[in-house]
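Analysis of the macromolecular model
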Amino acid sequence: MLNEIIKGVARQLNAAFGDDYEIYQNKVEQGLTEPCFFIGVLQPEAKPLLGSRALRRNPLVIQYFPRQAGSNAELLAVAEQLLAELRFIELPGGGLLRGTSMRWEPVDGVLHFFVNYNALLNRQEEKPLMETLSVEQGLNNYKG
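For the structure given in this document, a descriptive report is provided here. Just so we're clear, the structure is a prediction, and the values are computed from it rather than from any experiment.

Let's talk about the overall build of the protein
- Counting its secondary structure elements, the protein contains 2 helices and 9 strands.
- Sequence-ordered secondary structure for the protein, helices as α and strands as β, is α-β-β-β-β-β-α-β-β-β-β.
- The C-alpha atoms of the protein give 24 Å as radius of gyration, which overshoots the globular expectation for 144 residues (15 Å, by more than 25%).
- Here the C-alpha coordinates of the protein stretch approximately 90 × 30 × 25 Å along the principal axes.
- The buried share among the 144 residues of the protein stands at 31%.
- Of the accessible surface of the protein, which amounts to about 10,300 Å², a share of 46% is contributed by carbon and sulfur atoms.
- Computing the positive centroid from 14 side-chain charges and the negative centroid from 17, the protein places the two 10 Å apart.

See below:
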């Protein structure tokens with residue numbers, strides 16, 4: 001599920017910003033091409049609910065490395081665009097997820113944009129079916 005969310009975010013970033021921006025999901029030791037985005041995962045959790053349901057919380061951080069180092073105007077413009085573009089993402093299977101708890105902060109010339117994509121999962125459990133069922137039907141005290 002989390003990999004599908006990351007793919008959906010990457011697709012949405014590519015659609016919004018184009019091919020001039022690299023999108024990374026793994027740590028890059030050398031050769032970071034700016035401007036670029038890095039998608040990271042922050043402490044996901046699963047909370048069991050009644051029955052076979054569970055709430056999955058998937059907090060992400062999207063770091064933006066600007067074209068011009070030290071350009072706060074560029075960071076703020078990208079933050080505003082991320083607010084609009086990441087409201088909904090489409091998963092590879094076709095479902096939509098809403099982004100919640102969006103916030104951002106510039107730190108040392110890099111924009112850190114935080115967003116949660118929470119999902120309610122319902123696990124289908126196989127239950128044994130009845131083999132036979134007999135029904136008796138009739139009327140009591142019928143006066144015709």
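Past the structure itself, the notes keep going.
Re the sheet that holds strand β9 (residues 119–122)
- On the basis of which strands lie adjacent, the open sheet formed by 3 strands has the order β3-β4-β9 and antiparallel pairing. Since the sheet does not close on itself, it has two edges, and those belong to β3 (45–48) and β9, each with one partner. Adjacent strand axes in the sheet meet at a mean angle of 25 degrees, parallel and antiparallel pairs treated alike.

A few points about helix α2 (residues 72–85)
- Helix length check: α2 (14 residues) gives 20 Å between terminal C-alpha atoms against 20 Å at 1.5 Å per residue, within 8%.
- When we look at burial in α2, the residues that qualify are E74, L75, V78, A79 and L82. For α2, the arc enclosing every buried residue in end-on projection is 135 degrees, short of the 170-degree limit, so these residues lie on one face. Facing away from the buried side of α2, by more than 90 degrees, are the exposed residues A73 and A84.

Quick notes on the nonpolar core
- In this structure, V9, L13, F37, L82, L86 and Y117 are the most contacted members of the largest nonpolar core, which totals 26 residues.
- Elements represented by at least two residues in this core include exactly α1 (2–17), β2 (36–41), β5 (59–65), α2 and β8 (110–117).
- Take this core: its biggest share by element is 7 residues, from α1.
- When sequence neighbours within four positions are dropped, the list of residues in contact with L13 reads G18, I23, F37, I39, I62, L82 and L86.

Considerations on the environment of E136
- Relative to the assigned elements, E136 resides in the segment after β9.
- Using a relative accessible area of 82% as the deciding quantity, one classes E136 as exposed.
- On a C-alpha basis, the gap between E136 and G95 in space is 46 Å, while along the polypeptide they are 41 residues apart.

Digging into the pairing of β3
- Direction of pairing for β3 relative to strand β4 (residues 53–57): antiparallel, over a ladder of 4 bridges. Opposite P48, over in β4, you have A54 as the bridge partner.
- Taken together, β3 and the strand that follows it, β4, pair antiparallel across an intervening segment of 4 residues, in which G51 is found at a positive phi of about 65 degrees.

So, the side chain of S71
- Tracing the chain through its elements places S71 in the loop between β5 and α2.
- Classification of S71 by relative accessible area gives buried; the value is 14%.
- Reaching out from S71, the side chain makes a polar contact with the backbone nitrogen of E74 at a distance of 3.2 Å.

With respect to the pattern of salt bridges
- Taken as a whole, this structure holds 1 salt bridge when the rule is applied.
- Among the ionic pairs, E45 bridges to R57, the shortest N-O distance being 3.5 Å. Taken as a pair, E45 in strand β3 and R57 in strand β4 lie far apart in primary sequence, 12 residues in all.
- What makes R57 partly exposed here is its relative accessible area of 28%.

Calculation criteria
- Residues numbered from 1 in each chain as written.
- Predicted model: local features only at pLDDT ≥ 70, side-chain atom pairs only at ≥ 80, totals over all residues.
- Heavy atoms only, no water.
- Helix = DSSP H or I, 4+ residues; strand = E, 2+ residues; numbered from the N terminus.
- Rg over C-alpha atoms; globule rule 2.2 N^0.38 Å.
- Buried < 20%, exposed > 50% of the residue type's maximum accessible area, 1.4 Å probe, protein only.
- Areas by Shrake-Rupley, 256 points an atom, 1.4 Å probe, with all protein chains shown as cover.
- Lys, Arg positive; Asp, Glu negative; His and termini not counted.
- Charge placed at Lys NZ, Arg CZ, Asp CG, Glu CD.
- Pairing = 2+ DSSP bridges.
- Axes fitted to C-alpha atoms, helices over the stretch in contact; angles between N-to-C directions.
- Expected span 1.5 Å × (residues − 1).
- Arc of directions from axis to C-beta.
- Core = buried A, V, L, I, M, F, W, Y, C linked by side-chain atoms within 4.5 Å.
- Contact = heavy atoms within 4.5 Å.
- Polar contact = N/O pair within 3.5 Å; in protein donor to acceptor, adjacent residues only side chain to side chain.
- Salt bridge = Lys/Arg side-chain N within 4 Å of Asp/Glu carboxyl O.

Shape is all these values report; function is a separate question.
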